[in-house]
Amino acid sequence: MEVKIGVQHTPRELVLESAQTPAEVEQAVAEAMAKDSVLSLTDEKGRKVIIPIAKVAYVEIAESNARPFGFTAR
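Residues numbered from 1 in each chain as written. Predicted model: local features only at pLDDT ≥ 70, side-chain atom pairs only at ≥ 80, totals over all residues. Heavy atoms only, no water.

*Asks:* Give me the lowdown on the overall build of the protein, citing residues and values where you can.
*Replies:* Scanning the protein from terminus to terminus reveals one helix and five strands. Starting at the N terminus and ending at the C terminus, the protein contains elements arranged as β-β-α-β-β-β. When burial is assessed residue by residue, the protein has 22% of its 74 residues classed as buried. As displayed, the protein offers around 5700 Å² of accessible surface, 53% of which is attributable to carbon and sulfur atoms. (Helix = DSSP H or I, 4+ residues; strand = E, 2+ residues; numbered from the N terminus. Buried < 20%, exposed > 50% of the residue type's maximum accessible area, 1.4 Å probe, protein only. Areas by Shrake-Rupley, 256 points an atom, 1.4 Å probe, with all protein chains shown as cover.)

*Asks:* Pulling in residues and values, what's your account of unusual backbone geometry?
*Replies:* One non-glycine residue, H9, adopts positive backbone phi at about 60°. Along the chain, H9 falls in the loop between β1 (2-7) and β2 (14-17). Even without a glycine there, the phi angle at D36 is positive, about 50°. Locating D36 in the fold gives a position in the loop between α1 (22-35) and β3 (38-42). Exposure remark for D36: the relative accessible area of 60% places this residue in the exposed category.

*Asks:* Summarise the pairing of β1; cite the residues concerned and give the values.
*Replies:* As paired elements, β1 and β2 share four bridges and run antiparallel to each other. Paired with I5 across the two strands is L14, which belongs to β2. In this antiparallel pair of consecutive strands, β1 and β2, the connection spans six residues, and H9 shows a positive phi of 60°. With six bridges connecting them, β1 and strand β5 (residues 56-62) associate as antiparallel partners. Following the sheet pairing, V3 is matched in β5 by I61. (Pairing = 2+ DSSP bridges.)

Given below as structure tokens:
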């Protein structure tokens, strides 16, 4: 699944591919907001992203699009 995180005062968003479900990511965001702490997510390669929740502008959760390869008909 793809997670996009907008950070305040930063022109680019953070994008990571996560093995977590949308519900797990939503729960992690909600818990970080309730505790006014940090948002911590792990990507598919095991790398951890930690962001102070006060700096998060938005979080977009979307299913990953499988990209076609080779010769495909549309």
